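Coordinate analysis (summary)
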Amino acid sequence: DAGITQSPRYKITETGRQVTLMCHQTWSHSYMFWYRQDLGHGLRLIYYSAAADITDKGEVPDGYVVSRSKTENFPLTLESATRSQTSVYFCATTSGRGTQYFGPGTRLTVT
Amino acid sequence: AQSVTQLGSHVSVSEGALVLLRCNYSSSVPPYLFWYVQYPNQGLQLLLKYTTGATLVKGINGFEAEFKKSETSFHLTKPSAHMSDAAEYFCAVSGEAGSYQLTFGKGTKLSVIP
């Protein structure tokens, strides 16, 4: 039982390119989240989803797009990557007002 | 709105010494509180959580935390540090019922000196 997986684990892309980070869960949890982790900022919420086809902005949504056509998948797309989007990205899920379970992260470098 | 303040971005302790990582929160509703640990190049894993009931919460690896409503604190402690405790620790507070969001502190990196 893999739980929650993210792909790719590492990605290097160029400024202006589109890149999609994938998140997949096997638990059928309703809620899914995308965070970015940067030194000195901790984790900041980018977008979240309460269910398939229901998404909402978090603290730092600019430059990102999400979709959720299936409960188990929650891809995050950077439409035109910028250097400021170099970060470690974490996906998480929860079934309620409780513990969030995190994926292993994707380390993205924008050159 | 919720907020979390972790005092000290970096804490160093000697092996065998007490570990104390501080967390203060603000919340407009009775909070759910969490401590997560992150080892290098890994995701976050739950260390312990407080929801309701007993205010002293025990977690994995010998850690515990006490919810003090009057002080709006949820400090993390461990009586005796081990080298394997070296990691980054995050305190988080849950949002209002129905939102399911967590607000995280900025993290405290714990170093253990042999």
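Right, let's walk through the structure included here.

Topic: the sheet that holds strand 8 (residues 73-78) of chain B
All names here are of chain B. Here we have five strands laid out as an open sheet, ordered 1-3-8-7-6, and antiparallel in their pairing. The open sheet has two free edges, formed respectively by strand 1 (3-7) and strand 6 (56-58), since each of these has just one partner strand. The sheet shows a mean angle of 20 degrees between the axes of neighbouring strands, taken without regard to direction. Bridge count between strand 7 (residues 64-68) and strand 8: five bridges; the pairing is antiparallel. Bridged to Glu66 within strand 8 is His75.

Some points on the pattern of salt bridges
Tallied over the entire structure, the rule returns five salt bridges over all chains. Its salt-bridge partner being A:Arg36, residue A:Asp38 comes within 2.8 Å of it at the nearest N-O pair. Just as A:Asp38 is buried, A:Arg36 falls in that class too. Measuring nitrogen to oxygen at the nearest pair gives 2.9 Å for the salt bridge that ties B:Asp85 to B:Lys78. Here B:Asp85 and B:Lys78 have matching classes, each one buried.

As for unusual backbone geometry
Of note, the bond from A:Ser7 into A:Pro8 is cis; its omega dihedral lies within 30 degrees of zero at -10 degrees. As for its placement among the helices and strands, A:Pro8 is situated in the loop between strand 1 (4-7) and strand 2 (10-13). Positive phi values are uncommon outside glycine, yet B:Asn41 reaches one of about 60 degrees. Mapped onto the elements of the fold, B:Asn41 is located in the loop between strand 4 (33-38) and strand 5 (44-50). By relative accessible area, which is 53% here, B:Asn41 ends up exposed. If you check the backbone angles, B:Asn61 has positive phi at about 60 degrees while not being a glycine. Structurally, B:Asn61 can be placed in the loop between strand 6 and strand 7. Its relative accessible area of 43% is what places B:Asn61 among the partly exposed residues.

Some details on the interface of chain A and chain B
Where interface size is quoted, it is often the accessible area lost as the parts come together. Taken together, the contact pairs 22 residues of chain A with 27 residues of chain B. A combined buried area of about 1,900 Å² lies between chain A and chain B, and 54% of that area is made up of carbon and sulfur atoms. Counting the contacts that link chain A with chain B gives zero salt bridges. Here chain A is connected to chain B by six residue pairs in polar contact (both at pLDDT 80 or more). Listing elements by their share of the side of chain A that touches chain B, those giving two or more residues are strand 4 (31-38), strand 5 (42-51) and strand 9 (87-94) of chain A. Grouping the amino acids of the side of chain A that touches chain B by side-chain chemistry returns nine nonpolar, ten polar and three charged.

A closer look at the sheet that holds strand 3 (residues 19-25) of chain A
Residue and element names in this part refer to chain A. Spatially, 1-3-8-7 is the arrangement adopted by the four strands of the open sheet, whose pairing is antiparallel. In the strand order of this sheet, the two ends are held by strand 1 and strand 7 (64-66), each with one partner. Within this sheet the neighbouring strands show an average axis-to-axis angle of 20 degrees, counted without direction. Note: strand 3 against strand 8 (residues 76-78), three bridges, orientation antiparallel. If you follow Leu21 over to strand 8, its bridge partner there is Leu76.

A closer look at the layout of surface pockets
Approximately 630 Å³ is the volume attributed to the largest pocket. Lining the largest pocket we find 30 residues, and of these A:Gln37, A:Leu39, B:Gln38, B:Pro40 and B:Glu88 sit closest to its centre. Residue assignment for the lining of the largest pocket shows that the elements contributing at least two residues are strand 4, strand 9 and strand 11 (106-110) of chain A together with strand 9 (87-94) and strand 11 (108-113) of chain B. Looking at the lining of the largest pocket residue by residue, the class counts come to eleven nonpolar, 13 polar and six charged. Size it by volume and the second largest pocket reaches roughly 260 Å³. Forming the walls of the second largest pocket are 15 residues, and the residues nearest its centre are A:Leu43, A:Arg44, A:Glu59, B:Thr103 and B:Phe104. Secondary structure elements with two or more residues in the lining of the second largest pocket: strand 5 of chain A together with strand 10 (102-104) of chain B. Per-class residue counts for the lining of the second largest pocket are five nonpolar, seven polar and three charged.

What counts and what doesn't
- Residues numbered from 1 in each chain as written.
- Chains lettered and ligands numbered in written order.
- Predicted model: local features only at pLDDT ≥ 70, side-chain atom pairs only at ≥ 80, totals over all residues.
- Heavy atoms only, no water.
- Pairing = 2+ DSSP bridges.
- Helix = DSSP H or I, 4+ residues; strand = E, 2+ residues; numbered from the N terminus.
- Axes fitted to C-alpha atoms, helices over the stretch in contact; angles between N-to-C directions.
- Salt bridge = Lys/Arg side-chain N within 4 Å of Asp/Glu carboxyl O.
- Buried < 20%, exposed > 50% of the residue type's maximum accessible area, 1.4 Å probe, protein only.
- Contact = heavy atoms within 4.5 Å.
- Buried area = accessible area lost by both parts, 1.4 Å probe.
- Polar contact = N/O pair within 3.5 Å; in protein donor to acceptor, adjacent residues only side chain to side chain.
- Nonpolar A, V, L, I, M, F, W, Y, C, P; charged D, E, K, R; others polar.
- 1 Å grid on protein atoms, 1.4 Å probe; cavity = no way out; pocket = protein on both sides within 12 Å on 5 of 7 lines; lining within 4 Å.
- Points joined across faces, edges and corners; volume = space filled by probe spheres on them.

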